[in-house]
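Listed below are the residues making up each chain.
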Amino acid sequence: QVQLVESGGGLVQAGGSLRLSCAASGRTFSRYAMGWFRQASGKEREFVGSITWSEASTYYADSVKGRFTISRDKAKNTGYLQMNSLKPEDTAVYYCASKPGFGQRYDDWGQGTQVTVSS
């Protein structure tokens with residue numbers, strides 16, 4: 001298993017920016033991909049985007065495409081979610097997760113970090 005710790009959440013006004021970090025335990029993050037999800041109060045968990053660790057190929061949900069950017073620093077075993085042009089509807093608890101291999105489900109999750117966007 002992989003232990004993941006999110007950080008960087010907080011309160012920001014609409015139109016602002018925030019960068020979340022996801023630090024993975026171990027000498028190296030050897031899993032296939034790191035994903036980002038969010039869950040707003042009273043709603044189901046929603047996929048935000050993901051990045052493959054080796055080649056850094058990314059995929060984004062339509063709701064955040066063009067506003068959010070996912071990246072990773074292999075030397076630091078850390079993934080990042082850069083969020084720009086934030087909207088109140090982006091308010092949620094954000095989670096990072098680890099996918100062990102291609103075609104498999106995310107199986108390790110961080111504790112989550114709250115992002116609140118005010119209008």
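Cut-offs and rules
Residues numbered from 1 in each chain as written. Predicted model: local features only at pLDDT ≥ 70, side-chain atom pairs only at ≥ 80, totals over all residues. Heavy atoms only, no water. Helix = DSSP H or I, 4+ residues; strand = E, 2+ residues; numbered from the N terminus. Buried < 20%, exposed > 50% of the residue type's maximum accessible area, 1.4 Å probe, protein only. Phe/Tyr/Trp six-rings, centres within 6.5 Å; stacked < 30°, edge-to-face > 60°. Pairing = 2+ DSSP bridges. Axes fitted to C-alpha atoms, helices over the stretch in contact; angles between N-to-C directions.

Teacher, can you tell me more about unusual backbone geometry here?
For residues other than glycine, phi is negative in most cases, and the peptide bonds are mostly trans. Non-glycine residue Ala-56 carries a positive phi angle of around 60 degrees. Inspection of the secondary structure puts Ala-56 in the loop between strand S5 (46–52) and strand S6 (58–60). Of note in this structure, Ser-85 is not a glycine but carries a positive phi near 50 degrees. Within the secondary structure, Ser-85 sits in the loop between strand S8 (78–83) and strand S9 (92–99). Taking the relative accessible area as the measure of exposure, Ser-85 reaches 41% and is therefore partly exposed.

How should I be thinking about the packing of aromatic side chains in this particular structure?
Geometrically, a pair of aromatic rings is defined through the distance of the ring centres and the angle of the planes. If you walk through the whole model with that rule in mind, you get seven aromatic pairs. Here Phe-37 and Trp-109 contribute two aromatic rings whose centre-to-centre distance is 4.8 Å and whose plane-to-plane angle is 50 degrees, an arrangement assigned as tilted. Placement of the pair is Phe-37 in strand S4 (residues 33–39) and Trp-109 in strand S10 (residues 108–109), with a sequence separation of 72 residues. Plain terms: the ring middles of Phe-47 and Tyr-59 are 6.4 Å apart, the flat faces sit at 35 degrees to each other, and that makes the pair tilted. With Phe-47 in strand S5 and Tyr-59 in strand S6, the pair connects residues that are twelve residues apart, well separated along the chain.

What exactly am I supposed to notice about the sheet that holds strand S1 (residues 4–7) here?
The strands making up a sheet associate through backbone hydrogen bonding, with each pair oriented either parallel or antiparallel. A sheet is described by the order of its strands in space; here four strands give the open sequence S1-S3-S8-S7, paired in antiparallel fashion. A single partner strand is all that each edge strand has here, and the edge strands are S1 and strand S7 (68–73). Ignoring strand direction, the axes of neighbouring strands in this sheet form an average angle of 15 degrees. Across four bridges, the pairing between S1 and strand S3 (residues 18–24) is antiparallel. Directly across from Ser-7, in S3, lies its bridge partner Ser-21.

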